[in-house]
Amino acid sequence: MSTAYAEKSGFGATLWDYLTTVDHKKIAILYLIGGGFFFLLGGLEALIIRAQLLFPDNELIQAGTYNQIFTMHGTTMIFLAAMPLIFALMNAIVPLQIGARDVAFPFLNSLGFWLFLFGGVLLNCSWFLGGAPDAGWTAYAPLSTTAEGHGVDFYALGLQISGAGTLIAGINFLVTIVNMRAPGMTYMRMPLFTWTSFVTSVLILFAFPALTVGLFLMMFDRLFGANFFDPAMGGNHIIWEHLFWIFGHPEVYILVLPIFGLFSDIISTFSKKRLFGYSAMVFAVVLIGFLGFMVWAHHMFTTGLGPIANSIFAIATMAIAVPTGIKIFNWLFTMWGGSIHMTTAMLWAVAFIPSFTLGGFGGVMLAAAAADYQYHDTYFVVAHFHYVIVGGVVFGVFAGLHYWWPKMFGKVLNEKLGKWAFWPFFFGFHLTFFIQHFLGLMGMPRRYWKFQPDQGLELGNIVSSSGAVLMTIGAVIFLINVVYTSIKGEDAGADPWDGRTLEWAIPSPPPFYNFKQTPLIRGLDPLFIEKQQGNGKMTPAEPLGDIHMPNNSIVPFIMSFGLFVAGFGLIYQVDDATWLWAVGIGLAITLFSMLFRSVKDDLGYHIHKEDLEEEADAE
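Residues numbered from 1 in each chain as written. Predicted model: local features only at pLDDT ≥ 70, side-chain atom pairs only at ≥ 80, totals over all residues. Heavy atoms only, no water.

- In the annotation of an unreviewed UniProt entry, the entry for the protein chain reads Cytochrome c oxidase subunit 1, and the organism field reads Pontibacillus halophilus JSM 076056 = DSM 19796.
- Quoted straight from UniProt, the Sequence similarities (unreviewed entry) entry for the protein chain says "Belongs to the heme-copper respiratory oxidase family."
- You can read under Subcellular location (unreviewed entry) in the UniProt record for the protein chain the words "Cell membrane". (UniProt positions renumbered as here; feature names shortened; annotations may be inferred.)

See below:
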């Protein structure tokens, strides 16, 4: 049959299309919606925390509720907001930057998203079913293993399901970048965003199994009477800390490395210059990824590891400042002498450099083991962490969305509204978190429900809470910008920023097959090279021919739903053995879906050459 493609219109057809899609661009939009929702939820939790700490001895919320809110704020922001928003950008852009028509395993790409979403929904169901987890986002044992209620059970099962999705997505991007680059795109011709996505995927591959093991042990301790973390029964609760931070510290780089890459692309594009020191940047990214695995115990200086271990991890931690410094200087030298165009994306990029550097300074201070004994579990740590995650990752996500929104949706986000969103968020960010360094040095502990009136902490907390309001105003203006742009935004051409990399060589938004003909890559910044030689478009590496595409499938959704049902059963079988039926039914749904997928001969379909020629004539 002529496998011409046809798209149905209407809400039902659109909903079904997104439920079953395996197209990396639509999965990017799903990640953006899911991650954006959880970002707003985590932001609301942050506002409640700052409202509680606005005045001394405040009784706005009770201590137990406060514990649940700060636990869910950290867990939501790290696992359910930052990670999926990074995956949204990676899904939208990486295949385009390497000249691929999709990721290596489109079915697994869909499965990764639905596992993330069902895991996040399961975790947040705890709010309505007796109480959310309340042991902190790090869930240290024995607090987590002995916590009453089912909150921590939702934490263990929800993150387990969601983490499986992240691991699948990381493996998928690794294979995609290794195997699906266009002819001529050597490793040292890949854009920095693709390079950092590649290193991030390696980190995911090695870091997430440690979390998976830790969560399994916690699940067995809580639900099946095991004693992995109980010293009285021969266990050891420090094992949890090791497992968590073997995952947890690389997780920081999993989040921030892709941001380094997108800032490199943005700074190069809007400075109208090739990225300064490209090779050094690549090696710095690889070195940061490697060292990121060598420093997990700097989170555990106060557990009694001893002076030799503390010294080794302190020195390794400080060493990370070297490749990070290389990147900072290379970004500055890229801008030096460039023809800088200060768009909203560039504004976020320029603001990121001093903000993230301040976070780095805090990290070096915390790396000094003797000094860390003073900072540990104070607001100094909270300030440092947020300077890295908000000043790095959130700034980066905003920059990436402004930069690639035209490619994803075909419209340019309003620049004036973009800058109106930037300024309150930028000033609000520094008001909120800079003062927290001093609150920490004054002895204000983190995770405490309230402070007392005679401790001299009033002014600092009022400033910090005021900053949170400004950040909220910035975020709301960004949402208004999204709505305004979708209604009245100007259509973007294929290349609205005069870009240098491959994604700007195809229409905005791209056709579902991405590239009609696979492009030939002739150097770093391949589109810029073609522009310099007067071609204006990419040279094809192959004659026009049929394009093979994968079929949509509802199986990833059903498979993830099965684990969601089994998760409920596992949590409540402790109270009533009849819940084991839910475990059986959920696992049966998942296993049957896997069997169906394994035996079904799904060969995909072809877009015929004649259809592509007709489409070209119509253009």
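**Quick word on empty space enclosed by the protein**
Item 1. Throughout the structure, instances matching the rule amount to four cavities of 30 Å³ or more.
Item 2. By volume, the largest cavity is sized at about 130 Å³.
Item 3. Every residue lining the largest cavity is counted, 14 residues in all, and those nearest its centre are Asp265, Ser268, Leu275, Thr501 and Asp525.
Item 4. Ranked by residue count, the leading element in the lining of the largest cavity is helix 8 (residues 238-271), at four residues.
Item 5. Roughly 40 Å³ of volume is contained in the second largest cavity.
Item 6. Lining the second largest cavity, in full, are Tyr31, Phe79, Met83, Pro84, Phe87, Phe116, Ser162, Gly165 and Thr166. (1 Å grid on protein atoms, 1.4 Å probe; cavity = no way out; pocket = protein on both sides within 12 Å on 5 of 7 lines; lining within 4 Å. Points joined across faces, edges and corners; volume = space filled by probe spheres on them. Helix = DSSP H or I, 4+ residues; strand = E, 2+ residues; numbered from the N terminus.)

**What to know about the side chain of Thr334**
Item 1. With respect to the helices, strands and loops of the structure, Thr334 is situated in helix 11 (residues 321-335).
Item 2. When its relative accessible area of 0% is taken as the criterion, Thr334 is described as buried.
Item 3. Polar side-chain contacts of Thr334 include one of 2.6 Å to the backbone oxygen of Asn330.
Item 4. Look past the residues within four positions of Thr334 in its chain and what remains in contact with it is Ile267, Ser268, Ser271, Lys273, Arg274, Leu275 and Phe276. (Buried < 20%, exposed > 50% of the residue type's maximum accessible area, 1.4 Å probe, protein only. Polar contact = N/O pair within 3.5 Å; in protein donor to acceptor, adjacent residues only side chain to side chain. Contact = heavy atoms within 4.5 Å.)

**A short note on the nonpolar core**
Item 1. Tyr155, Trp240, Leu262, Ile266, Trp331 and Phe395 are the most contacted members of the largest nonpolar core, which totals 162 residues.
Item 2. Leave out the neighbours within four places in its chain, and Phe395 touches Phe263, Trp348, Ala351, Phe352, Ser355, Val390, Phe425, Phe426 and Phe429.
Item 3. Counting residues in hydrophobic clusters, the runner-up holds twelve residues, among them Tyr66, Phe70, Tyr379 and Met444. (Core = buried A, V, L, I, M, F, W, Y, C linked by side-chain atoms within 4.5 Å.)

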